[in-house]
Amino acid sequence: MVKRKSAASSDSMEGWNYEAKVVEIEAIIARIEAGELELAEVFDQFANAVEYLRQCETFLQQRQQQVNLLMETLSDE
């Protein structure tokens, strides 16, 4: 069973890079599609890719909230 990590918080995302995670996800997908991995490793790498996707989603949601707050601030002025 794969343990799920909690959603990344702002503190744990320091030094985190969205574009780098997307590149990692793409590399995992390419290795899986190319058949370069043993079956057990496919599952491990797939779990990593899912976690990276969750991190990306959290990052985008946080940035969307920031944009919404900025838009609210502009409309209040």
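See above for the structure.
The rules we used
Residues numbered from 1 in each chain as written. Predicted model: local features only at pLDDT ≥ 70, side-chain atom pairs only at ≥ 80, totals over all residues. Heavy atoms only, no water. Helix = DSSP H or I, 4+ residues; strand = E, 2+ residues; numbered from the N terminus. Polar contact = N/O pair within 3.5 Å; in protein donor to acceptor, adjacent residues only side chain to side chain. Expected span 1.5 Å × (residues − 1). Buried < 20%, exposed > 50% of the residue type's maximum accessible area, 1.4 Å probe, protein only. Contact = heavy atoms within 4.5 Å. Arc of directions from axis to C-beta.

K.L.:
Account for the side chain of Q55, naming residues and giving values.
P.N.:
Looking at the secondary structure, you find Q55 in helix α2 (residues 39-76). One polar contact links Q55 to W16, side chain to side chain, over a distance of 2.9 Å.

K.L.:
Can you break down α2 residue by residue, with the values?
P.N.:
An ideal rise of 1.5 Å per residue puts 56 Å on 38 residues; α2 measures up with 56 Å between its terminal C-alpha atoms. Where α2 is concerned, the buried positions are V42, Q45, A49, E51, Y52, Q55, C56, T58, F59 and Q62. The secondary structure elements touched by the buried residues of α2 are α1 (18-34).

K.L.:
Hey, could you go over α1 for me, with residue numbers and the actual values?
P.N.:
Relative to the 24 Å expected for 17 residues at 1.5 Å per residue, α1 spans 24 Å between its end C-alpha atoms, a close match to the ideal helical length. Taken residue by residue, α1 has K21, I25 and I28 as its buried positions. Viewed end-on, α1 has its buried residues packed into an arc of 60°, placing them on one side of the element. Turned more than 90 degrees away from the buried face of α1, the exposed residues are E19, V23, E26 and E33. Buried residues along α1 sit in contact with α2. Looking one or two residues past α1, G35 carries a phi angle of roughly 75°, positive in sign.

K.L.:
Would you mind going over the environment of E51 in detail, with residue names and values included?
P.N.:
For E51, the location among the structural elements is in helix α2. When its relative accessible area of 10% is taken as the criterion, E51 is described as buried. Along the chain, E51 and I25 lie 26 residues apart, while their C-alpha atoms are 9.6 Å from each other.

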